[in-house]
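In case you want the letters, here they are:
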2 protein chains.
Amino acid sequence: MLRARGSGRRPVMLAIAGDSAAGKTTLTRGLVQCLGADRMTAVCVDDYHRYDRRERAGKPFTALHPDCNHIDIMEQHLQLLSMGEPILKPVYDHATGELVRPELVQPRDFVIVEGLLPLHTRLARACFDITVYLDPPERLRHAWKVRRDCDKRGYTPEQVRAELERREPESAAYIRPQRRWADIVVRFAPVAGRSDPPGTPLSAELLLRPTIDHPELGTVIGDAEPGAGSGETAMHLRLHRDTDGRPVDALHVHGYVSPEESQVVKKAIWERLGAPTALAPDALGLYGDGETSDPLAITQLLLLYHLLDADRRQAA
Amino acid sequence: MLRARGSGRRPVMLAIAGDSAAGKTTLTRGLVQCLGADRMTAVCVDDYHRYDRRERAGKPFTALHPDCNHIDIMEQHLQLLSMGEPILKPVYDHATGELVRPELVQPRDFVIVEGLLPLHTRLARACFDITVYLDPPERLRHAWKVRRDCDKRGYTPEQVRAELERREPESAAYIRPQRRWADIVVRFAPVAGRSDPPGTPLSAELLLRPTIDHPELGTVIGDAEPGAGSGETAMHLRLHRDTDGRPVDALHVHGYVSPEESQVVKKAIWERLGAPTALAPDALGLYGDGETSDPLAITQLLLLYHLLDADRRQAA
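In this text, all values refer to a predicted model and were calculated from it rather than measured experimentally. (Residues numbered from 1 in each chain as written. Chains lettered and ligands numbered in written order. Predicted model: local features only at pLDDT ≥ 70, side-chain atom pairs only at ≥ 80, totals over all residues.)

Broken down by element type, chain A carries nine helices and 13 strands. Relative to its length of 316 residues, chain A is compact, with a C-alpha radius of gyration of 20 Å against a globular reference of 20 Å. Based on the C-alpha atoms only, the size of chain A along its principal axes is roughly 55 × 50 × 40 Å. Across the 316 residues that make up chain A, the buried fraction comes to 41%. (Helix = DSSP H or I, 4+ residues; strand = E, 2+ residues; numbered from the N terminus. Rg over C-alpha atoms; globule rule 2.2 N^0.38 Å. Buried ≥ 20, exposed ≤ 12 C-beta atoms within 10 Å, placed from the backbone.)

On to the environment of Val160 of chain A. Residues and elements named next belong to chain A. If you trace the backbone, Val160 turns up in helix α6 (residues 157-175). Using a count of 20 C-beta atoms within 10 Å as the deciding quantity, one classes Val160 as buried. For Val160 and Ser262, which are 102 residues apart along the polypeptide, the C-alpha to C-alpha distance reads 36 Å. Sequence-distant contacts of Val160, that is, excluding residues within four places in its chain, are made with Lys145, Val146, Asp149, Cys150 and Tyr155. (Contact = placed C-beta atoms within 7 Å.)

Attention now moves to the packing of helix α1 (residues 24-35) of chain A against helix α9 (residues 294-315) of chain A. All names here are of chain A. In the contact formed by α1 and α9, the axes pass within 10 Å of each other and the chain directions differ by 55°. In this view, α1 runs oblique relative to α9, as classed from their interaxial angle. Read as a crossing pair, α1 and α9 show a hand that is right-handed. Residues Leu27, Gly30, Leu31 and Cys34 of α1 form the contact with α9, whose participating residues are Thr299, Gln300, Leu303 and Leu304. (Axes fitted to C-alpha atoms, helices over the stretch in contact; angles between N-to-C directions. Parallel < 35°, antiparallel > 145°, perpendicular 65-115°, else oblique. Left-handed = near helix turned anticlockwise from the far one by under 90°.)

All right, on to the relation of the copies chain B and chain A then. Rotating chain B by 180° and translating it 0.0 Å along the rotation axis places it on chain A, where the RMSD comes to 0.0 Å. Both chain copies can therefore be described as sitting about a two-fold axis. Mapped onto chain A, 100% of the interface residues of chain B again fall at the interface, so both copies present the same surface. (Least-squares fit on C-alpha atoms with pLDDT ≥ 70 in both.)

Another aspect to go through is unusual backbone geometry. Residues and elements named next belong to chain A. One non-glycine residue, Ala21, lies in positive phi territory at about 65°. Along the chain, Ala21 turns up in the loop between β1 (12-18) and α1. Given 21 C-beta atoms within 10 Å, Ala21 falls into the buried group.

Turning to the nonpolar core, a few remarks are in order. Side chains of a nonpolar character, in soluble globular proteins, are inclined to be buried together. Within the largest apolar cluster, 146 residues are counted, with the highest numbers of intra-cluster contacts made by Leu14 and Val132 of chain A together with Leu14 and Val132 of chain B. Looking at which domains feed residues into this core, each of domain 1 (1-138) and domain 2 (183-316) of chain B gives three or more. Not counting the four nearest positions on each side in its chain, Val132 of chain A is found in contact with Leu14, Ala15, Ile16, Ala17, Ala182, Ile184, Val186 and Leu303 of chain A. (Core = buried A, V, L, I, M, F, W, Y, C linked by C-beta atoms within 7 Å. Domains from an automatic or database assignment.)

Moving on: the pairing of strand β1 (residues 12-18) of chain B. All names here are of chain B. Burial within β1 is extensive, with seven of its seven residues counted as buried. Residues of β1 alternate between two faces, with Val12, Leu14, Ile16 and Gly18 on one and Met13, Ala15 and Ala17 on the opposite face, all of them buried. Two elements, β1 and strand β5 (residues 110-115), share six bridges in a ladder whose sense is parallel. For Ala15, the partnering residue across the bridge sits in β5 and is Val113. As paired elements, β1 and strand β6 (residues 130-134) share five bridges and run parallel to each other. When the bridges of β6 are listed, Ala17 appears paired with Tyr133. (Pairing = 2+ DSSP bridges.)

The next point concerns the environment of Ser203 of chain A. Residues and elements named next belong to chain A. The topology assignment puts Ser203 in strand β8 (residues 203-208). In this structure the C-alpha to C-alpha distance between Ser203 and Arg187, which are 16 residues apart in sequence, comes to 8.1 Å. When residues no more than four places from it in sequence are discounted, the contact partners of Ser203 are Ala189, Pro190, Val191, His252, Val253, His254, Gly255 and Pro295.

It is worth spelling out the interface of chain B and chain A at this point. Between chain B and chain A, the residue contacts involve 17 residues of the former and 17 residues of the latter. At the level of elements, α3 (71-82), β3 (87-93) and β4 (98-105) of chain B are the ones that each hand at least two residues to the side of chain B that touches chain A. In terms of residue class, the side of chain B that touches chain A is built from 11 nonpolar, three polar and three charged. (Nonpolar A, V, L, I, M, F, W, Y, C, P; charged D, E, K, R; others polar.)

Because the α-helix completes a turn every 3.6 residues, residues three or four places apart line up on one side. All names here are of chain B. For helix α1 (residues 24-35), which comprises 12 residues, the first-to-last C-alpha distance of 17 Å matches the rise-based estimate of 16 Å (1.5 Å per residue) to within 8%. The complete set of buried residues in α1 reads Lys24, Leu27, Thr28, Gly30, Leu31, Cys34 and Leu35. The arc enclosing the buried residues of α1, seen along the axis, measures out at 165°, which places them on a common side. Where α1 is buried, its residues touch β1, β2 (40-44), β5, β6, β12 (286-287) and α9 (294-315). Gly36, located one to two residues past α1, shows a positive phi value of around 100°. (Expected span 1.5 Å × (residues − 1). Arc of directions from axis to C-beta.)

Residue and element names in this part refer to chain B. Of note, Leu273 is situated in helix α8 (residues 259-273). Judged by local crowding, Leu273 falls into the partly exposed class, with 17 C-beta atoms found within 10 Å. It is 9.6 Å that separates the C-alpha atoms of Leu273 and Pro215, two residues lying 58 residues apart in sequence. Excluding anything up to four places from it in sequence, Leu273 contacts Leu304, Tyr305 and Leu308.

Before going further, it helps to examine the pairing of β2 of chain B. Residues and elements named next belong to chain B. Burial within β2 is extensive, with five of its five residues counted as buried. Of the two faces of β2, the one lined by Met40, Ala42 and Cys44 and the one lined by Thr41 and Val43 are each fully buried. Relative to β5, β2 runs parallel, the two being bridged by five bridges. Residue pairing for β5: Val43 is matched across the bridge by Val113.

All names here are of chain B. Orientation of helix α5 (residues 138-153) relative to helix α6 (residues 157-175), taken along the N-to-C sense of each, is 130°, at an axis distance of 9 Å. Taken together, the axes of α5 and α6 lie oblique to each other. For the element pair α5 and α6, the recorded crossing hand is right-handed. Residue-level contacts link His142, Lys145, Val146, Asp149 and Cys150 of α5 to Pro157, Val160, Arg161 and Leu164 of α6. For the contact of α5 with α6, the class distribution of residues is five nonpolar, one polar and three charged.

Looking now at the confidence of the model for chain A. All names here are of chain A. For chain A, per-residue confidence averages 89 on the pLDDT scale, and 93% of positions sit at 70 or higher. Between residues 226-231, whose pLDDT stays under 50, and residues either more than four places distant or in other chains, the model counts eight contacts. Predicted complex metrics record ipTM = 0.85 and pTM = 0.89. (pLDDT = per-residue confidence, 0-100.)

Below is the structure:
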């Protein structure tokens, strides 16, 4: 009964799940800028709060708990977007903690859905072509959250730390289990045992699960044998077992990768994108106040590959 | 992909369309009270404003214009409700003219959708089991609107009259054409040429179109021959041609109907309702500050008949 888009094509749907301050917005922003806001819609599903801040104060759970969110409406809206239908999305004002006037969201050719719980239910997961989980070390994420919530949301460091502690059981119960449902798990972190100069970008470890078809990169950067020492080259692809025992490819991009080495990989992925004339590659890898990171850029390029690949398959 | 309700049954959907202050809320309220809020959900689709009052001030149209409303989202939400799905409904605050926090609406067994434009599009109309258009004489509606907007919304009579004038072209273009799509057209008005004592309720003229199956009432109140003078009995059913030439049954219930005569008709409809044990008939016919009207009560009973009849057909 619901109408299809004029073109008859569904948007390509990408989920970026992760805990608070895990880097979802940074990853998303570069993709939107590279593809263009006229082709890509970004939606944050943390707006589906059932209670405002004042109401939440009296509740036995935090904003992370599924019962604290209109999960059924989130599922419904994800389905509608995946069918190319517009939604009237609720809006939560992080500055005031109030639920305010909803906004019309019209899905473009690509839709990124980022937030705390986009992969929580089976129905929600079924809406996505590509699923990503951002998995930084907790220590790092805590530091990011303290900095952001103090700078942008007016909290004190003590308040943020208390909130992180209060949220931990629900992070463990509801946020981190979503890692299991990701096609790609992204971990930005410093490399253990190295003392790189200040300003060296974080390294990226990308787990590439066989749930979607990844671009063939082994020929470009060379496979590292399982068991062979890692950390010897700045970039390598390695077959290993995930924490749950499932086999995965792990693509390591070290922060100290040389521009030349990273350029080879970027070029290799770029060539596999096909007809990328309308893309703005300069937007990739940007973070913070105009800093750049090759590991971030390569991560975004890989996601771009998957977005365009999914789009091509639908057109075929 | 969208889930069906647990019971697998769709709600029965009733539309009550009509211009501002046509009496939609009065008609709706008695039905909800009679059936019970646990079985019936009432939704006002005038909340789907695209602009708030301040934004509207700069626009070349009034709130009545389809372009001033999220008609596509209204259609989507009507479809979802008709499938038994919850919606996060936008909310327009008539007191402040602002769009505020949306509210979760869970469809019960019966859903009444009232407002300015519920029958504007084909897709919206397709969501309803029963459609009603409220069609009071314009002079009367203007008086009602002046009284309500001054009493409850803080306007002056001059402001309301100016607004009515400004809205007239859009009333003619978008509101009144919906009359064509109604299964039942309801007109409350005084009977021409009579001078009934003050406090006499308005009469009701109900056009019963053959688009749905009406209860057989001819045997109860007797048919009046087409062309035979009307107004001779306080209540009669008459075959005539609508303004567009289509044949309709017209049920006239005069405001001066005797309690005994109206009781016969009420009883006749009531008996056709089947298993009405859980109903609260005292809620029917109430308007204003505790006044009662037999023509209103009979109108509501007829709608109740159609609601329960549609529910029975679905269960069968």
